[in-house]
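# Reading the structure
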Amino acid sequence: MSDVAVIEIPKWGLSMEEGTLVEWLVTEGTAFDKGDLLCEIETSKITNQLEAPFDGLLRRILAKPGETLPVSAPIAICAPTSVSDAEVDRLAADLAATAIPASSAPPLPAATPTATSPVVQSSPVTPAGAAPASRNGGATVVPDVLRGKTDGDVFATRHALRLADELSIDLARVTPTGRGGRISVTDVEHAILDAGGSVAAKAPAVRTGVPGRSTRDDSAVAATPVARRLAAALGINLYDCRATGSRGRVCEADVRDAARRFNPESVAAPNAPSATAAGHETIPLSTMRRAIASRLQESKRNAPHFRLTVDLAIDDLLRLRDEINATVAGVKLSVNDFIVKACAMALVKVPDVNIQYDEQAQAVLRYTSADVSVAVALPAGLITPIVRGADGRSLAGISSEIATLVTKAKAGTLQPDDFQGGTFTVSNLGMFGVREFDAIINPPQGAILAVGTAAERPAIVAGELVSTTVMTVTLSCDHRVIDGATGARFLQQLRAYVESPALMLV
């Protein structure tokens, strides 16, 4: 069966280990072209659409919506009509026999965006005079500005053409972002939302079935004594457990998680309050939340954090911001935009903070350009999209890039390059009125800046009591690679840029 090809879960980014199939965009028996969208797959950070890597005919769907599978797991079989159904069925059976058990994590709803560390809140931009864009449970509402008939020479996927025909949309008015300038279904939906319309919400993905149990001898699996005894008592094979304990061992929580997957009622935690004692809701950790928990727990455990706190007077910065916003058309700078720019310039001045730590190679990677991660809050957790080369960007450029990244993060359309890497992170909770806080370092970076709210405080200037707007920032550093004096020099440079903001304009 040399003409048979298997579609697999792709690996989007170095940290991706599994994906949840959210929705199939094609059905069995459908022919497709290279570049057509086949399905939506959710990872711990993003929800993305899988493009067909070749021309083909979808003969058999192996993975149902809601199933979570490891990278490279087969999800569909493609073959021409010359291959018999019996041959396709035999291949499907062989693939099922060798399949790796699915992850224990329940899937997120299909419309949930995906995400890592603490936070910048941002509101999506709504065109003047348009209703706020939203996804609703009813019919899709198409603004009049998009209505029309699509000409036959528009370069779009078949699904986008079909959707445009159903909704009477002129695709010439839709901005393409697909490969080679091709318009996709996602482009059509984004155009509707950007024009002030609404898109009907998709039904949430529901996990079906119970993952298969392993029958292998698990005596060689690294596990704590408590976990091994509990697994024997609950009838759990240690190969079915995700190892999150110290030194890569299976711990008690891993065994209970596996048991909960196979039989949710069999694993009540010892001394847990009964359901009758107090009403409560059990919310399993999402794929994204588990990824956040794992990465930050590892950072907190492995990286010896130390923290340095300074107060920054930002009266001059606020005056400059107000002047720019009032005089430069189309530019609306935030305080956070200035902080990101100031951090980027300070990182170039103090390159020993502009680093990543390769723990496995025991080496420090020091960068000449500052790629600043900006923590963004999402309903399901946190993600840190990156402003690449922030030291060389203008304030307006940084503001525009952050707005674009926040919009993509909330829409779940970030690509791996948008959030993987970075040399430093800014986490801002000032909009919540938080005066100061400690942030956990986002590995493999060596430092993170926690930004508090700006508030008027009394100060003595030239012997007189005056009111000054002050912002408290706290720098968390990994003491394995950054010393206290180095962190202090970085904060000195940061203060110079923040308190004399004109330096950021030259």
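Residues numbered from 1 in each chain as written. Predicted model: local features only at pLDDT ≥ 70, side-chain atom pairs only at ≥ 80, totals over all residues. Heavy atoms only, no water.

## Side note on the overall build of the protein
- Regarding its fold elements, the protein presents 11 helices and 20 strands.
- Within the protein, the proportion of its 506 residues that are buried is 47%.
- When the accessible surface of the protein is totalled, it reaches about 24400 Å², and 53% of it is carbon and sulfur. (Helix = DSSP H or I, 4+ residues; strand = E, 2+ residues; numbered from the N terminus. Buried < 20%, exposed > 50% of the residue type's maximum accessible area, 1.4 Å probe, protein only. Areas by Shrake-Rupley, 256 points an atom, 1.4 Å probe, with all protein chains shown as cover.)

## Examining the sheet that holds strand E8 (residues 74-78)
- The 4 strands lie next to each other as E1-E8-E6-E3, forming an open sheet whose pairing is antiparallel. Of all the strands in the sheet, just strand E1 (5-8) and strand E3 (31-32) have a single pairing partner and so form its edges.
- In this structure, E1 lies alongside E8, joined through 4 bridges in antiparallel fashion. Its bridge partner being in E8, Ile7 is matched across the sheet by Ala76. (Pairing = 2+ DSSP bridges.)

## Some words on the environment of Thr27
- Mapped onto the secondary structure, Thr27 falls in the loop between strand E2 (18-24) and E3.
- It is 8.0 Å that separates the C-alpha atoms of Thr27 and Ile61, two residues lying 34 residues apart in sequence.

## Some thoughts on the sheet that holds strand E17 (residues 386-387)
- Sheet architecture is open: 6 strands sit in the order E11-E20-E19-E18-E14-E17, paired in mixed fashion. Bordering the open sheet on either side are strand E11 (305-313) and E17, each of which pairs with just one other strand.
- In terms of strand pairing, E11 meets strand E20 (residues 464-478) through 9 bridges, oriented antiparallel. By the bridge assignment, Arg307 is partnered in E20 with Ser476.
- Packing against the sheet, helix H11 (residues 484-499) makes contact with E11, strand E18 (424-428), strand E19 (447-461) and E20, and its axis sits at approximately 20° to E11. (Contact = heavy atoms within 4.5 Å. Axes fitted to C-alpha atoms, helices over the stretch in contact; angles between N-to-C directions.)

## Some remarks on the pattern of salt bridges
- Considering all chains together, one arrives at 16 salt bridges under this definition.
- Among the ionic pairs, Asp371 bridges to Arg388, the shortest N-O distance being 3.5 Å. Placement of the pair is Asp371 in the loop between strand E13 (363-366) and strand E14 (372-374) and Arg388 in the loop between E17 and helix H9 (395-411), with a sequence separation of 17 residues.
- Taken together, the salt bridges that share partners define one network made up of Glu359, Asp478 and Arg480. (Salt bridge = Lys/Arg side-chain N within 4 Å of Asp/Glu carboxyl O.)

## Quick look at unusual backbone geometry
- Residue Pro444 follows Pro443 across a cis peptide bond; omega there is 10°.
- Despite not being glycine, Gln362 has its phi angle at roughly 50°, a positive value.
- Mapped onto the fold, Gln362 is located in the loop between strand E12 (355-358) and E13.

## A short note on the nonpolar core
- Membership of the largest hydrophobic core comes to 60 residues, with the highest contact counts inside it found for Ile339, Phe424, Leu449, Phe490 and Leu494.
- For this core, the element with the highest residue contribution is helix H8 (residues 335-349), accounting for 10 residues.
- Look past the residues within four positions of Leu449 in its chain and what remains in contact with it is Ile339, Cys343, Phe424, Thr425, Val426, Ser427, Val473, Thr474, Leu475, Leu491 and Leu494.
- Counting residues in hydrophobic clusters, the runner-up holds 20 residues, among them Leu21, Ile41, Leu69 and Cys78. (Core = buried A, V, L, I, M, F, W, Y, C linked by side-chain atoms within 4.5 Å.)

## Points about the pairing of strand E6 (residues 56-61)
- Pairing of E3 with E6 involves 2 bridges; the strand directions are antiparallel. Note on E6: the bridge partner recorded for Phe32 is Gly56.

## Some thoughts on the confidence of the model for the protein
- Within the protein, residue pLDDT values average 82, and 84% of them lie at 70 or more.
- pLDDT under 50 marks residues 100-135. Its contacts with residues more than four places away, or in other chains, come to 129 contacts.
- The model gives residues 203-210 a pLDDT under 50, and that stretch makes 21 contacts with residues more than four places away or in other chains. (pLDDT = per-residue confidence, 0-100.)

## Overview of the packing of aromatic side chains
- Summed over all chains, the structure comprises 2 aromatic pairs.
- Between Phe424 and Phe490 the ring centres are 5.2 Å apart and the planes differ by 45°, which places this aromatic pair in the tilted class. Of this pair, Phe424 sits in strand E18 while Phe490 sits in helix H11, and the two are 66 residues apart along the sequence.
- Classification of Phe424 by relative accessible area gives buried; the value is 0%.
- The class of Phe490 is buried, set by a relative accessible area of 0%. (Phe/Tyr/Trp six-rings, centres within 6.5 Å; stacked < 30°, edge-to-face > 60°.)

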